[in-house]
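Architecture at a glance
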Amino acid sequence: MSRIIAGIAGGRSLTSVPGDHTRPTTDRVKESLFSGLESADAIRGALVLDLFAGSGALGLEALSRGARRATLVESARRAADVCRRNGRLLQAELGPAAVRVRQEKVASFLAEPDPHGWDLVFLDPPYPMPEPELAGVLALLRPALAAEALVVVERSTRSPEPTWPEGLVRVRDRKYGETRLWYAEPV
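Since we're looking at a predicted model, the values are computed, not measured.

Let's shift gears to the environment of Asp 114. Along the polypeptide, Asp 114 turns up in the loop between α4 (106-111) and β4 (118-123). Given the relative accessible area of 25%, Asp 114 is considered partly exposed. On a C-alpha basis, the gap between Asp 114 and Pro 143 in space is 9.8 Å, while along the polypeptide they are 29 residues apart.

Written out as structure tokens, the structure reads:
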């Protein structure tokens with residue numbers, strides 16, 4: 001079972017998505033990821049976008065640690081329902097507007113005009129997602145980013161580096177067992 005590690009909701013258990021189609025980010029990876037994000041002051045007050053959200057654990061962890069608002073985008077109905085249930089854990093402390101869940105395909109969500117400039121974006125697509133499809137999502141995401149945004153892509157260590165669109169450049173990557181995190185920023 002996943003949990004929120006730190007912040008105002010630290011220690012609270014999250015509902016997992018039933019079945020084996022969703023791969024939760026391990027606590028070890030989450031701890032390392034968020035330790036680095038806090039050191040870089042990338043969370044406090046951020047508008048967070050969690051794409052391929054699964055249970056919503058990454059976006060909700062960011063909210064617990066001081067992000068202003070999180071939008072969780074998940075196309076699977078069961079997973080989107082879990083995102084809503086988990087989002088209610090933080091609404092008591094942060095209000096109902098803190099978490100927004102969108103049940104739709106990520107490409108459709110990104111194709112809509114959005115006035116937000118996302119500060120922090122998590123992408124944890126299914127590992128079998130073909131790289132050209134991921135590249136298309138990253139290209140759609142680029143115009144929706146704030147000038148100082150940070151994008152984190154979680155992939156299998158067996159997957160190649162994502163193909164970054166023009167205007168988005170990799171700044172680092174980290175490996176944790178079978179998981180690799182790729183970090184990118186707009187240029």
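Okay, the nonpolar core next. Leu 33, Leu 37 and Phe 122 are the most contacted members of the largest nonpolar core, which has 33 residues in total. At the level of secondary structure, the elements contributing two or more residues to this core comprise α1 (27-39), α2 (57-64), β2 (69-73), α3 (77-94), β3 (99-102), β4, β5 (145-156) and β7 (179-186). Sorting elements by how many residues they give to this core places α2 first, with 5 residues. With 26 residues, the next largest nonpolar core counts Leu 51, Val 106, Trp 118 and Leu 145 among its residues.

In terms of residue burial, β4 counts as a mostly covered element, since 5 of its 6 residues are buried. Where strand β1 (residues 47-51) and β4 come together, 4 bridges link them in parallel fashion. Within the sheet, the bridge partner assigned to Val 48 lies in β4 and is Leu 120. In terms of strand pairing, β4 meets β5 through 5 bridges, oriented parallel. When the bridges of β5 are listed, Val 121 appears paired with Val 151.

Attention now goes to the packing of aromatic side chains. Enumeration over the complete set of coordinates arrives at 1 aromatic pair. Between Phe 34 and Phe 122, the aromatic rings sit 5.7 Å apart at their centres with planes inclined by 45°, giving tilted as the arrangement. One end of the pair, Phe 34, is in helix α1; the other, Phe 122, is in strand β4, with 88 residues separating them in the sequence. Phe 122 carries the same exposure label as Phe 34, and that label is buried.

With that out of the way, let us pick up the pairing of β1. Along any regular strand, the residues point their side chains to alternate faces of the sheet. A large share of β1 lies buried, amounting to 5 of its 5 residues. Both faces of β1 are covered, namely the face carrying Leu 47, Leu 49 and Leu 51 and the face carrying Val 48 and Asp 50. Relative to β2, β1 is paired through 5 bridges, and the arrangement is parallel. When the bridges of β2 are listed, Val 48 appears paired with Ala 70. In this view, the connection linking β1 to its parallel neighbour β2 by way of α2 has right-handed handedness.

Here we come to unusual backbone geometry. One non-glycine residue, Asp 41, adopts positive backbone phi at about 55°. Structurally, the position occupied by Asp 41 is in the loop between α1 and β1. You will see that Phe 52, though not glycine, has its phi angle at about 55°, which is positive. Residue position: Phe 52 is located in the loop between β1 and α2. For Phe 52, a relative accessible area of 16% translates into the label buried.

Before going further, it helps to examine the environment of Cys 83. Locating Cys 83 in the fold gives a position in helix α3. Sequence separation between Cys 83 and Gln 103 is 20 residues; the distance between their C-alpha atoms is 9.5 Å. Not counting residues within four places of it along the chain, the set of residues in contact with Cys 83 comprises Ala 53, Gly 54, Ser 55, Gly 56, Leu 72 and Val 101.

Turning our eyes to something else, we now look at the sheet that holds β3. If you walk across this open sheet you meet the 7 strands as β3-β2-β1-β4-β5-β7-β6, and the pairing is mixed. A single partner strand is all that each edge strand has here, and the edge strands are β3 and β6 (168-176). Put simply, the sheet's adjacent strands are angled 15° from each other on average, direction ignored. Packed onto the sheet, α3 meets β2 and β3 and runs at close to 175° relative to β3.

Conventions we followed
- Residues numbered from 1 in each chain as written.
- Predicted model: local features only at pLDDT ≥ 70, side-chain atom pairs only at ≥ 80, totals over all residues.
- Heavy atoms only, no water.
- Helix = DSSP H or I, 4+ residues; strand = E, 2+ residues; numbered from the N terminus.
- Buried < 20%, exposed > 50% of the residue type's maximum accessible area, 1.4 Å probe, protein only.
- Core = buried A, V, L, I, M, F, W, Y, C linked by side-chain atoms within 4.5 Å.
- Pairing = 2+ DSSP bridges.
- Phe/Tyr/Trp six-rings, centres within 6.5 Å; stacked < 30°, edge-to-face > 60°.
- Right-handed = clockwise from strand over helix to strand, strands pointing away.
- Contact = heavy atoms within 4.5 Å.
- Axes fitted to C-alpha atoms, helices over the stretch in contact; angles between N-to-C directions.

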